[in-house]
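Okay, here's what each chain looks like letter by letter:
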Amino acid sequence: MTERTCLTVVLAAGEGTRMRSSRPKVLHAMAGRTLLQHVLEAVVPLGGRVAAVIGPGMDAVGGNVRAALPQAECFVQTERRGTAHAVLAAKPALTRGADDVLVVFADTPLIRTETLRRLRGALADGAAVAVLGFHAADPAGYGRLICEGEALVAIREEKDASAAERKVAFCNGGVMALAGRSALAILERIGDRNAKKEFYLTDAVAIARADGLKAVAIETDEDEIRGINTQAQLAEAAAILQTRLRMAALDAGVTMVAPETVQLCADTQLARDVTVEPYVVFGPDVTVEEGATIRSFSHLEGARVGRGATVGPYARLRPGAKLGEKVRIGNFVEVKASDIGARTAANHLSYIGDSTVGEGANIGAGTITCNYDGAEKHRTEIGNNAFIGSNSALVAPVKIGDGAYVGSGSVVTRDVPADSLAVGRARQVVKEGWAERLREMKAQGKGRA
Ligand code: UD1
Ligand code: CA
């Protein structure tokens, strides 16, 4: 049997006024990705084509679609006249035909690929329409699924429902699958004679039935179809997503004694035997290799942490931070755009930016790479086994050779050759008896020593 082809239409034309934000609703983010990207992510493994329907003037939304999925087509729904009207904005894509047509909402980011596959399975089994249903804790506002035995006979929108129908708790989650051979014919017959004067996608069920075609409901749990309309709902969905990501990390062999305090991104990669202490935040694009430990209150983004390395507590790894095996980055150390070689340690209070550090080096407390001259960024190179004394300022561009020492408190402005010592600070002056004389003069009511 040849595999069934698929077209997914992602509806993203909503304005999202209830977010009270200047940003389009579907561009709000959780776990490092926009709501729209989460939906696309669930759709991509299905294979097939993707069409996104966006509102007029929503260039940023179109840009986000193209960035996430360059092969997706974008269509503009010029007037907002209902979900069926929105799907028909993608008519050129529908006309090209597919065995299965899926309709998903871009503001429903917790939808899972597995569930979309189940809906397609119902089409493969002969249904013309398959609807994703759930039992709602509070059904208010949702379309109700009207069933007769196994068959789905209609979806009634809340505003059009009778008192008896409103008591039904089995609700429409919004995701629908339509058999491609009948999809367009059904969609084009949907009218707007209802309470909201909108073209309801949900009417596809009754129309299919009238044509003698089969409609079914596939059930999932409410969490998966949570739609986002407000900031509070965004926070709730983000919390559910965090739970999923933490469970996946634990299943992969990561140790977290307080996983509920750890924030992950959808793309965070933690290898087995990684330990993450409480209160760690992972921004986008972080990879941590086997056996590394990320200690409490650390913040990482765009970083790679090598095998057996230790980060934190209270460390910050910014984009381009690459730590080799067994590197130690301690408290109040910030690393940006720097490669740090194996076994090198920067244990306290440092800034390492735009640097290449060799293996086995020691970066003393308070070391700062002065990488910025107000206009441009410059690089610092520190060789293997170099020793940078505490409270040194390395003024880039500058190179510290292999095995070199930099004396504490130095301001290093010139390259330091391998195996040499550089001390760049004012010589210490000692005036013996000076303090004693000062005290005596004060006692006599005089001025200075
Ligand atoms: C819809 C369903 C309802 C279901 C609920 C689940 C219909 C008629 N109703 O209701 O049965 O229980 O979702 O959350 O489908 N959109 C457009 N263009 C439009 C209208 C909507 O792109 O002209 C998009 C919105 O951006 C949104 C999605 O379609 O992503 C759903 O629209 P919305 O108005 O939120 O539908 P509901 O009234 O919630
Ligand atoms: Ca909605």
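Each value, and the rule that gives it
Residues numbered from 1 in each chain as written. Chains lettered and ligands numbered in written order. Predicted model: local features only at pLDDT ≥ 70, side-chain atom pairs only at ≥ 80, totals over all residues. Heavy atoms only, no water. Helix = DSSP H or I, 4+ residues; strand = E, 2+ residues; numbered from the N terminus. Expected span 1.5 Å × (residues − 1). Buried < 20%, exposed > 50% of the residue type's maximum accessible area, 1.4 Å probe, protein only. Contact = heavy atoms within 4.5 Å. Patch = residues over 30% accessible without salt bridge, like charges linked within 9 Å, V, L, I, M, F, W, Y side chains within 5 Å. Areas by Shrake-Rupley, 256 points an atom, 1.4 Å probe, with all protein chains shown as cover. Salt bridge = Lys/Arg side-chain N within 4 Å of Asp/Glu carboxyl O. Near = heavy atom within 4 Å. Polar contact = N/O pair within 3.5 Å; in protein donor to acceptor, adjacent residues only side chain to side chain. Nonpolar A, V, L, I, M, F, W, Y, C, P; charged D, E, K, R; others polar. Axes fitted to C-alpha atoms, helices over the stretch in contact; angles between N-to-C directions. Left-handed = near helix turned anticlockwise from the far one by under 90°. Pairing = 2+ DSSP bridges. Right-handed = clockwise from strand over helix to strand, strands pointing away. Phe/Tyr/Trp six-rings, centres within 6.5 Å; stacked < 30°, edge-to-face > 60°. Lys NZ or Arg CZ within 6 Å of the ring centre and 35° of its normal.

Undergrad: So what's going on with helix 5 (residues 113–124)? Residues and values would help.
TA: Taking 1.5 Å of rise per residue, twelve residues should cover 16 Å, and helix 5 covers 16 Å from first to last C-alpha, within 8% of that figure. Those residues of helix 5 that sit buried are Thr113, Thr115, Leu116, Leu119, Arg120, Ala122 and Leu123. Elements that come into contact with the buried residues of helix 5 comprise strand 1 (6–12), helix 1 (35–43), strand 6 (100–105), strand 7 (129–135), strand 10 (170–179) and strand 11 (215–219). At the exit of helix 5 stands Gly126, carrying a positive phi of roughly 110 degrees.

Undergrad: Describe in detail a nonpolar patch on the surface, supporting the description with residues and values.
TA: On the surface, Tyr279, Phe297, Tyr314, Phe332 and Leu349 cluster together into a nonpolar patch covering about 550 Å² of accessible area. Its place among the elements puts Phe297 in the loop between strand 16 (293–294) and strand 17 (299–300).

Undergrad: Describe the site of ligand 1, naming the residues involved and giving the relevant values.
TA: Inspection of the region around ligand 1 gives 19 residues, with Gly14, Gln77, Thr83, Glu157 and Asn172 positioned closest. Note that an oxygen atom of ligand 1 is positioned 2.9 Å from one of the backbone N or O atoms of Gly82. Taking Gly143, its main chain carries an N or O atom lying 2.9 Å from an oxygen atom of ligand 1. In the complex, 87% of the free accessible area of ligand 1, which totals 750 Å², lies under the protein chains. For the shell around ligand 1, the secondary-structure elements that each account for two or more residues are helix 3 (83–88) and strand 10. Split by residue class, the shell around ligand 1 holds six nonpolar, eight polar and five charged.

Undergrad: Please set out the packing of helix 1 against helix 2 (residues 59–68) residue by residue, giving values where relevant.
TA: Interaxial distance between helix 1 and helix 2 falls to 10 Å at its minimum, and their mutual angle equals 35 degrees. Note on packing geometry: the crossing formed by helix 1 with helix 2 is right-handed. Here helix 1 contributes Leu36, Gln37 and Leu40 to the contact with helix 2, which in turn contributes Val61, Asn64, Val65 and Ala68.

Undergrad: Tell me about the environment of Thr287, and name the residues and values.
TA: The residue Thr287 is located in strand 15 (residues 287–288) in this model. Put simply, Thr287 and Arg304 are 17 residues apart on the chain and 4.8 Å apart in space, counted from C-alpha to C-alpha. In this structure Thr287 touches Gln269, Ala303, Arg304 and Val305, once residues within four positions along its chain are discounted.

Undergrad: Requested: an account of the pairing of strand 4 (residues 49–54), with residues and values cited.
TA: The element strand 4 is largely enclosed, with a buried count of five among its six residues. The sheet contact formed by strand 1 and strand 4 spans six bridges and is parallel. Opposite Thr8, over in strand 4, you have Val50 as the bridge partner. Where strand 4 and strand 5 (residues 73–76) come together, four bridges link them in parallel fashion. Bridging from a neighbouring strand, Val53 pairs with Phe75 of strand 5. Of the crossover connections in this fold, the one passing from strand 4 over helix 2 to the parallel strand 5 is right-handed.

Undergrad: Could you give an account of the packing of aromatic side chains, with specific residues and numbers?
TA: Counted by the stated rule, this structure contains five aromatic pairs. Aromatic side chains Phe387 and Tyr405 sit 4.9 Å apart centroid to centroid with 15 degrees between the ring planes, which places their arrangement in the stacked category. With Phe387 in strand 29 (residues 387–388) and Tyr405 in strand 32 (residues 405–406), the pair connects residues that are 18 residues apart, well separated along the chain. With relative accessibility at 32%, the residue Phe387 sits in the partly exposed group. Using a relative accessible area of 45% as the deciding quantity, one classes Tyr405 as partly exposed. Three or more aromatic residues joined by ring pairs make a cluster, and in this case those are Tyr279, Phe297, Tyr314 and Phe332. It is Lys377 that lies over the ring of Tyr372; its NZ or CZ is 5.2 Å from the centre.

Undergrad: Break down the pattern of salt bridges for me, citing the residues and quoting the values.
TA: Overall, the coordinates contain 19 salt bridges when judged by the stated rule. Between Arg189 and Asp211 there is a salt bridge, with the nearest N and O atoms lying 2.5 Å from each other. Taken together, the residues span a long stretch of sequence, with Arg189 in helix 7 (residues 180–189) and Asp211 in the loop between helix 8 (204–210) and strand 11 at a distance of 22 residues. On the accessibility criterion, Arg189 (46% relative accessible area) is partly exposed. With a relative accessible area of 38%, Asp211 lands in the partly exposed category. A salt bridge links Glu277 to Arg295, with the nearest nitrogen and oxygen atoms 3.1 Å apart.

Undergrad: Summarise unusual backbone geometry; cite the residues concerned and give the values.
TA: Cis peptide bonds are those with omega within 30 degrees of zero, and the linkage from Gly312 to Pro313 qualifies with 5 degrees. In this structure, Pro313 sits in the loop between strand 19 (310–311) and strand 20 (316–317). Residue Pro397 is bonded to the preceding Ala396 through a cis peptide linkage, with omega at 0 degrees. The phi dihedral of Ala337 falls on the positive side, at around 40 degrees, and the residue is not glycine. By the secondary structure assignment, Ala337 is in the loop between strand 22 (328–336) and strand 23 (338–340). Look at Ala337 and you get partly exposed, because its relative accessible area is 24%. One non-glycine residue, Leu349, adopts positive backbone phi at about 50 degrees. Within the secondary structure, Leu349 is located in strand 24 (residues 345–353).

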